[in-house]
Amino acid sequence: MNFELTEEQLAVQAAARDFAQNELLPGVIERDEEQKFPAEQIKKMGELGFMGMMVDPKYNGGGMDSVSYVLAMEEISKVDASCSVAMSVNNSLVCWGLEKYGSEEQKQKYLTKLATGEIIGAFCLSEPEAGSDATSQRTTAEDKGDYYLLNGTKNWITNGNSAGVYIVIAQTDPEKKHKGINALIVEKGMDGFVVGKKENKLGIRGSDTHSLMFTDVKVPKENRIGEDGFGFKFAMSTLNGGRIGIASQALGIASGAYELALKYSQERKAFGKPISEHQAIQFKLAEMATQIEAARLLCLNAASLKDQGKDYVKAAAMAKVFASKVAMDVTVEAVQVHGGYGYVKEYHVERLMRDAKITQIYEGTSEIQKIVIARELLKN
Ligand code: CAA
């Protein structure tokens, strides 16, 4: 068992850290307050190769492994989780799904642009009445011969307004249940496709989360991903990898809050000495650091299994459920270490605490992760 990172992985980690500290930190508080989508920052992330990290270079990707992706996600999420969710959806759900299951034409037409961040992608599964229960899709994709007629509403879509390409999961044949679902590539600007209201959220406020409406949108047949009826399997399979991305985001939120708490505890004095010299604070720091280390190992384990071509379904769900709990626990403690300063915006930890909560909800709630884990445990 070798826990050493390669030189290449260390270089990716350092590049992501520099970028996050130099380019994302300035303005992060204002973007959160104003709910401003980090368009310029995402563009730079694309130029640096962070938007299509694992895509084959022949489709303009970085050709990197999933371990490098975890390392980059952690560094970027330490500073700006609104950027890292756009990065995670684009890399894990959209680019990975297209590269793994898309046709050569789809890859040439869409993946080559998504991998550079020239356009970004959205993954549209959730509906007003189908979040966790993903087979209950109400959005319909009626087979009309050489096109599908798409009708319905999607909710809570990350990159909802900023994306250029949307992978939409829809029901074609309700009698076939999950085997009658398709995944379609929808372009912004197609007739009948309207971006709906933006959500005013507790956290990740820079990320643009929208509802989407489809009314008689004609989606050409060549925009279907995989065989007829493959859409549900496509969604489940991409979400497995997506969970590694969100687990790494949770890890980054936690480690960002911990680093701030550690630094603050060495600067802030109370009762005649830095608060880091009080055992009450030392216990907190030790607990936070231990939880983070465990979460990091779970994230890296899931990524490493994926890189080796091994089954990573259980490992990804374990990483997500654990790291997102750690993100909540550690950010609450980081605010506590900061005392009153933790409760105001300038010290960043209150934002990280708000951002942490979504990691227990999206790409499968913690309860869904436990269902996934239990099913894997009970499989044989
Ligand atoms: N990996 C691969 N295939 C899977 C799978 C997985 N993790 N889970 C299920 N499948 C396959 C099954 O093998 C089965 O295929 P067969 O018929 O060929 O055997 C098929 O999918 C149906 O499986 P189930 O009958 O087990 O499905 P289910 O209805 O019981 O649901 C579930 C299983 C795990 C609860 C699933 O619905 C699920 O994961 N729900 C959560 C969805 C989710 O994560 N939503 C979040 C939206 S995306 C998002 O948040 C993105 C963002 O913007 C940040």
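Nothing here was measured: the structure is a model prediction, and the numbers come from that model.

Caption draft 1: Focus on the UniProt feature "domain: Acyl-CoA dehydrogenase/oxidase C-terminal" (unreviewed entry) in the protein. The UniProt feature table records "domain: Acyl-CoA dehydrogenase/oxidase C-terminal" (unreviewed entry) at residues 231–378. Helix makes up 77% of residues 231–378 and strand 3%. Its end C-alpha atoms lie 25 Å apart.

Caption draft 2: Geometry of the nonpolar core. Judged by nonpolar contacts, the single largest core of 70 residues is most densely connected at Leu98, Phe123, Ile167, Ile169 and Val330. Counting residues per element, this core draws most heavily on helix H7 (residues 231–267), at 15 residues. Not counting the four nearest positions on each side in its chain, Phe123 is found in contact with Val89, Leu93, Val94, Ile157, Ile167, Phe234, Ala235, Thr238 and Leu239.

Caption draft 3: How the structure looks around helix H6 (residues 104–114). Considered for burial, the residues of H6 that qualify are Gln106, Lys107, Tyr110, Leu111, Thr112 and Leu114. Taken together, the buried residues of H6 touch helix H5 (81–101), strand S1 (121–124), strand S4 (165–171) and strand S5 (181–187).

Caption draft 4: Structural context of the packing of aromatic side chains. The final tally for this structure, using the stated rule, is nine aromatic pairs. Between Tyr101 and Phe234, the ring centres sit 5.9 Å apart and the planes meet at 70 degrees, which makes this aromatic pair edge-to-face. You can see Tyr101 sitting in helix H5 and its partner Phe234 sitting in helix H7, a full 133 residues away along the chain. Here Phe234 falls in the buried class, since its relative accessible area comes to 0%. Sitting over the ring of Tyr148, Lys221 keeps its end group 5.2 Å from the ring centre.

Caption draft 5: Broad picture of the pairing of S4. With respect to burial, S4 is a largely interior element, seven of its seven residues being buried. Across the two faces of S4 the burial is the same, with Val165, Ile167, Ile169 and Gln171 and Tyr166, Val168 and Ala170 all buried. Here S1 pairs with S4 via four bridges, running parallel. What sits directly across from Ala122, in S4, is Tyr166. Relative to S5, S4 runs antiparallel, the two being bridged by seven bridges.

Caption draft 6: Representation of the pairing of strand S7 (residues 209–220). Direction of pairing for strand S3 (residues 147–158) relative to S7: antiparallel, over a ladder of nine bridges. Opposite Lys154, over in S7, you have Leu212 as the bridge partner. Examined bridge by bridge, strand S6 (residues 193–198) and S7 share four bridges and lie antiparallel to one another. Among the inter-strand pairings, Phe193 is bridged to a residue of S7, identified as Phe214.

Caption draft 7: Structural detail: the UniProt feature "domain: Acyl-CoA dehydrogenase/oxidase N-terminal" (unreviewed entry) in the protein. In the numbering used here, UniProt assigns the "domain: Acyl-CoA dehydrogenase/oxidase N-terminal" (unreviewed entry) feature to residues 6–118. Structurally, residues 6–118 is divided into 71% helix and 0% strand, and its ends, taken at the C-alpha atoms, are 29 Å apart.

Caption draft 8: Representation of unusual backbone geometry in the model. Of note, the phi angle at Gln35 is positive, near 55 degrees, even though the residue is not glycine. Structurally, Gln35 is set in the loop between helix H2 (28–34) and helix H3 (39–47). The backbone of Asn159 sits at a positive phi, close to 65 degrees, despite the residue not being glycine. Within the fold, Asn159 resides in the loop between S3 and S4.

Cut-offs used in this document
- Residues numbered from 1 in each chain as written.
- Predicted model: local features only at pLDDT ≥ 70, side-chain atom pairs only at ≥ 80, totals over all residues.
- Heavy atoms only, no water.
- UniProt positions renumbered as here; feature names shortened; annotations may be inferred.
- Helix = DSSP H or I, 4+ residues; strand = E, 2+ residues; numbered from the N terminus.
- Core = buried A, V, L, I, M, F, W, Y, C linked by side-chain atoms within 4.5 Å.
- Buried < 20%, exposed > 50% of the residue type's maximum accessible area, 1.4 Å probe, protein only.
- Contact = heavy atoms within 4.5 Å.
- Phe/Tyr/Trp six-rings, centres within 6.5 Å; stacked < 30°, edge-to-face > 60°.
- Lys NZ or Arg CZ within 6 Å of the ring centre and 35° of its normal.
- Pairing = 2+ DSSP bridges.

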